[in-house]
Amino acid sequence: MTQALTGTDAIERALSRAKAAGAADADAMLVESDSLAARVRGAEIDYVKQARERVLGLRVFVAKPGGLATGSVSTSDLAPDTIDRVAAEAVALARATAPDASAGLPDGGFATDAPDLALFAPGDREVAVEARSDDAERAEAAARKVDARIVNSEGSQVDSDFHRIAYGNTRGFLGAYESAGHSLFCEPLAQQDGAMQRDYWLTSARRLDQLEDAAA
């Protein structure tokens, strides 16, 4: 099996193959996402979910009389031969498209020294599913202890999502950044005299250590 490319390697290959196939210009974006989620109701775990997504999008511009024609493709298969194929397909699509006098990439002005926006903590990627589901269990238990009238819930849920975005174009720009988001949500249900009422509590942050305590 051919090894899939990641990050800026996939971007650089897509751009070079697009140029080789006849594109005047091109840009590409790769989104790599990892997520985990767990929900607890009472003392039971409803579900635990882990997911991974990789999507490469490529846009090419082909010169025609009257302007540039555009073709766009995307793929979740990042094998080198697949990237080569979709680059050729993007150029073929552009050649079948009407030109636009306003199409194309901007002339220069691309950032050369992007700041670190501290959108995630690298160590958070090592968080175990069990640690996050434990937070959901603690929140659920704490909510039910608040008042005897809280007899049920719609569940307590935790989510952690990590993203890496890479972008490059044939005008010389190539860059990437990472971000993350974490949350804890609890929705208890109270009952009294035949009536029921629900409310919720939520905490969210870029870093796990910035979340409010689960028992709060």
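Rules used in this analysis
Per chain, residues are indexed from 1 in the order of the written sequence. Two thresholds apply to this predicted model, a pLDDT of at least 70 for residue-level local features and 80 or more for giving and counting side-chain atom pairs, whereas whole-chain, interface and lining totals are computed over all residues. To obtain the side-chain values, all non-hydrogen atoms of the structure were included, while hydrogens and water were left out. Here a helix means four or more residues in a row that DSSP labels H or I, a strand means two or more in a row labelled E, and each is numbered from the N terminus. Burial classes follow relative accessibility: with a 1.4 Å probe on protein chains only, a residue under 20% of its type's maximum area counts as buried, one over 50% as exposed, and anything between as partly exposed. Under the rule applied, a polar contact is a pair of N or O atoms within 3.5 Å (in protein, one hydrogen donor and one hydrogen acceptor; residues adjacent in sequence only if both atoms are side-chain atoms). The contact definition used throughout considers only heavy atoms, calling two residues in contact when any of these lie within 4.5 Å. For this document, the term salt bridge refers to a Lys or Arg side-chain nitrogen within 4 Å of an Asp or Glu carboxyl oxygen. The aromatic pairing rule takes the rings of Phe, Tyr and Trp, using the six-membered ring of Trp, and pairs them if the centres are within 6.5 Å, calling planes under 30 degrees apart stacked, those over 60 edge-to-face and the rest tilted.

## Considerations on the side chain of Ser160
- Checked against the element boundaries, Ser160 lands in strand β4 (residues 150-169).
- On the basis of relative accessible area, Ser160 is assigned to the buried category, the value being 0%.
- In this structure the side chain of Ser160 is engaged in a polar contact, spanning 2.8 Å, whose partner is the side chain of His182.
- Once you skip the residues sitting within four places of it in the chain, Ser160 turns out to touch Asp34, Ser35, Leu36, Arg132, Gly181, His182 and Leu208.

## Considering unusual backbone geometry
- Phi angles above zero are rare outside glycine, and Ala118 is one such case at about 50°.
- Structurally, Ala118 is set in the loop between α2 (80-95) and α3 (129-145).
- Even without glycine at this site, Asp193 takes up a positive phi of about 50°.
- Looking at where Asp193 falls in the secondary structure, it is placed in the loop between β5 (174-192) and β6 (195-198).

## Let's talk about the pattern of salt bridges
- According to the stated counting rule, one finds 21 salt bridges in the structure shown.
- Close ionic contact of Glu32 with Arg54 constitutes a salt bridge, the shortest N to O distance being 3.6 Å. With a gap of 22 residues between them, Glu32 in strand β1 (residues 25-41) and Arg54 in strand β2 (residues 44-64) connect regions that are remote in the sequence.
- Overall, the relative accessible area of 9% leaves Glu32 in the buried class.
- Across the salt bridge formed by Glu140 and Arg144, the nearest N and O atoms sit 3.1 Å from each other. Separated by four residues within a single helix, Glu140 and Arg144 lie in helix α3, roughly one turn from each other.
- Taken together, the shared-partner salt bridges in this structure form one network comprising Glu32, Asp34, Arg52, Arg54, Arg125, Arg164 and Glu178.

## Observations concerning the environment of His182
- Residue placement: His182 occurs in strand β5.
- The residues touching His182, leaving out its near neighbours within four places in the chain, are Asp124, Arg132, Asp159, Ser160, Phe162, Thr203, Ser204, Ala205, Arg206, Arg207, Leu208 and Leu211.

## Here we look at the packing of aromatic side chains
- According to the stated counting rule, one finds three aromatic pairs in the structure shown.
- Centre to centre, the rings of Tyr167 and Phe173 are 5.9 Å apart; their planes meet at 40°, and the pair counts as tilted.
- Look at Phe185 and Tyr200: their rings are 5.5 Å apart centre to centre, the planes differ by 25°, and that puts the pair in the stacked class. Residue Phe185 is located in strand β5, and its partner Tyr200 is located in the loop between β6 and β7 (201-205); the two are separated by 15 residues in the primary sequence.
- By relative accessible area, Phe185 is classed as partly exposed at 26%.
- In this structure an aromatic cluster arises from ring pairing among Phe110, Tyr167 and Phe173.

## A closer look at the side chain of Thr203
- Here Thr203 shows up in strand β7.
- Within polar-contact distance, the side chain of Thr203 engages the backbone nitrogen of Glu212 at 3.0 Å.
- When residues no more than four places from it in sequence are discounted, the contact partners of Thr203 are His182, Ser183, Leu184, Leu211 and Glu212.

## Section: the environment of Gln210
- With respect to the secondary-structure elements, Gln210 resides in the segment after β7.
- Residue class for Gln210 comes out partly exposed when judged on its relative accessible area of 48%.
- As a C-alpha pair, Gln210 and His182 span 28 residues in sequence and 9.2 Å in three-dimensional space.

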